[in-house]
Amino acid sequence: MNDEEMHLHFEELKKELDGKISDEQLMKELNVYLNEYRVTAEAAKRGIKRKYGADGLSSFMTADTLSKKIEELKGTEMNVDITAKAIYVDRKQITVRGNPKTIVSGILGDETGTAPFTIWEGENVDLEKGAVYLFKNAYTKLWNDRVQINLGSRGKAEKAEGVRVDVPERTIIADSADTKIGDITEGSGNVTVTGRIMSVEERNITVKGEPKVVYSGIIADDTGKIQFSAWNNYDLKDGESICVKNGYIRAWRGIPQLNLGDKCDVSRVDDSFGEIELTSSKRTVAEIILAGGGLDLSVTGTVVDMRAGSGLIWRCPECNRSVLSGECTAHGKVEPVADLRMKLILDDGTGAISAILNRKDTEKLTGVTLEAAERLAKARGDSEIVAREITELMIMKRMTVTGNVLNDDFGPMMIVSEAVTESINILAEAERLYNEVEAAL
Ligand SMILES: [Zn+2]
């Protein structure tokens, strides 16, 4: 690649990364991707953006902020202000990269319509149902023709004192549509789903101090499977087929779940699915990004990078969180336990996804055992050496990973349950990619 070409990619990335890394570091990254790993320019840019958390946020910072009504939102806004009433508010504790995090989600409404929202940095956010808020520097996405409002780390929800917003009385919930399970995304809203109960269990939980029974399990059709939760006892049995009218899709970190709430209608139907394959569903990265996440998905791609936090790491013996310098965020000073893991960035040509592999798979794929890693780190007096070594071993490997895909600020991330590398000739692959790059110039 010539200097001019390289410079163009550099400038584009620099703008999108907006100071997340230094010019020097960025040039180094680009150089490694293009000249050492020899991936295509597109794959290099995706990998670097995924690594530094800038994917999908392009031009977010440069766009002028606009104020919009909910009806005017297109699902492509990078920076928009919205004044609306919080119709429904929900708080959730999730774990991101081993650390607890709070997200606040719900539904916003104004005179023109309603839309679901998510506040990704919800730690100190306390939204009151029925109050009016100014969502500053929000961004929007479109899922199944439905606009979703998001507040990232640069956004803010401020109470709009004295502002009155009237949300017209109407069914906030849209009519449900017949949906194949494989087509359900986190923004599907109300759905009618026909499928076979693959498993169901009864659990006792406490909701706001009240004991409740929830019936949950997996329902599948010939296109996919999804977790469900029922809040009434429909006496569901393994293996029977049901039609759920007016179920509601809610997502937990991008994984859609089917809720059988009070408004839903459940009926037994004849089973027409035949043999349902309970194997994982093959997807492209683009499809995963579109769906927002999912259960037991499988994707094949090339390892283009390894994220920080890979290699030899240390965990709290109490809670298993990864700890830095022997300090757990929940348990203070602890005697940490060594572990191995990889956070790969996998590119399949349609996009890039992060994939976290546990010790077992890391050992299997790299041949580096935890004991060997500890010895190496000790001998060199440097635990980073392990990450560097295994990066060398994994880069440009083509592999198929299977697992649940969650979604956070950094985009889709698979918790890998199974990983298989394709034994291909690495040199031939490098040559193929090199030719691809050449052809693109
Ligand atoms: Zn701990």
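Residues numbered from 1 in each chain as written. Predicted model: local features only at pLDDT ≥ 70, side-chain atom pairs only at ≥ 80, totals over all residues.

Attention shifts here to the overall build of the protein chain. The secondary structure content of the protein chain amounts to 8 helices and 23 strands. Counting only contacts in the protein chain whose residues sit at least 6 apart along the sequence, the fraction spanning at least 24 positions is 59%. (Helix = DSSP H or I, 4+ residues; strand = E, 2+ residues; numbered from the N terminus. Contact = placed C-beta atoms within 7 Å.)

Right, let's talk about the pairing of strand β5 (residues 132-143) for a bit. Side chains on a regular strand alternate between the two faces of the sheet. Across 4 bridges, the pairing between β5 and strand β7 (residues 156-159) is antiparallel. Across the sheet, the residue bridging to lysine 136 is lysine 156, located in β7. (Pairing = 2+ DSSP bridges.)

Among the 11 residues of strand β20 (residues 337-347), 8 are classified as buried, and the element is accordingly described as predominantly covered. Two strands pair when backbone bridges link them, and strand β16 (residues 294-306) and β20 are joined in this way by 4 bridges, in the antiparallel orientation. If you follow methionine 306 over to β20, its bridge partner there is leucine 344. Note that strand β17 (residues 311-315) and β20 share 5 bridges and pair antiparallel. The residue of β20 that forms the bridge with tryptophan 314 is alanine 338. (Buried ≥ 20, exposed ≤ 12 C-beta atoms within 10 Å, placed from the backbone.)

For helix α1 (residues 3-17), which comprises 15 residues, the first-to-last C-alpha distance of 20 Å matches the rise-based estimate of 21 Å (1.5 Å per residue) to within 8%. Considered for burial, the residues of α1 that qualify are Leu13, Glu16 and Leu17. Angularly, the buried residues of α1 cover 90° about the axis, an arc narrow enough to put them on a single face. Along α1, exposed side chains directed more than 90 degrees from the buried face belong to Asp3, Glu4, His7 and Glu11. Where the residues of α1 are buried, they touch α2 (23-37) and α3 (41-51). At the exit of α1 stands aspartate 18, carrying a positive phi of roughly 45°. (Expected span 1.5 Å × (residues − 1). Arc of directions from axis to C-beta.)

Let us now look at the nonpolar core. Ranked by size, the top nonpolar core spans 49 residues in total, and within it Leu344, Leu346 and Ala355 carry the most contacts. Of the domains in this structure, domain 1 (3-51) and domain 4 (281-440) are the two that each give at least three residues to this core. Those residues in contact with leucine 346, other than ones at most four positions away along the chain, are Val299, Gly301, Thr302, Val303, Ala352, Ile353, Ala355 and Val401. Counting 22 residues, the second largest nonpolar core, distinct from the first, contains Ala86, Ile103, Leu108 and Leu127. (Core = buried A, V, L, I, M, F, W, Y, C linked by C-beta atoms within 7 Å. Domains from an automatic or database assignment.)

This part covers the environment of leucine 406. Here leucine 406 shows up in strand β22 (residues 398-408). By C-beta crowding, leucine 406 is classed as buried, having 22 other C-beta atoms within 10 Å. A C-alpha to C-alpha distance of 7.5 Å links leucine 406 and glycine 292, two positions 114 residues apart in sequence.

Of the positions making up helix α7 (residues 384-394), those classed as buried are Val386, Ala387, Ile390 and Met394. Projection of α7 onto a plane perpendicular to its axis shows the buried side chains occupying an angular sector of 95°, all on one side. Every exposed residue of α7 that faces more than 90 degrees away from the buried side is listed here: Arg388 and Glu392. Where α7 is buried, its residues contact β16, β17, β20, α5 (359-366) and α6 (370-380). Phi for methionine 396, located one or two positions after α7, is positive at around 75°.

We now examine the environment of threonine 40. Structurally, threonine 40 can be placed in the loop between α2 and α3. Distance in space between the C-alpha atoms of threonine 40 and glycine 349 is 9.4 Å, their sequence separation being 309 residues.

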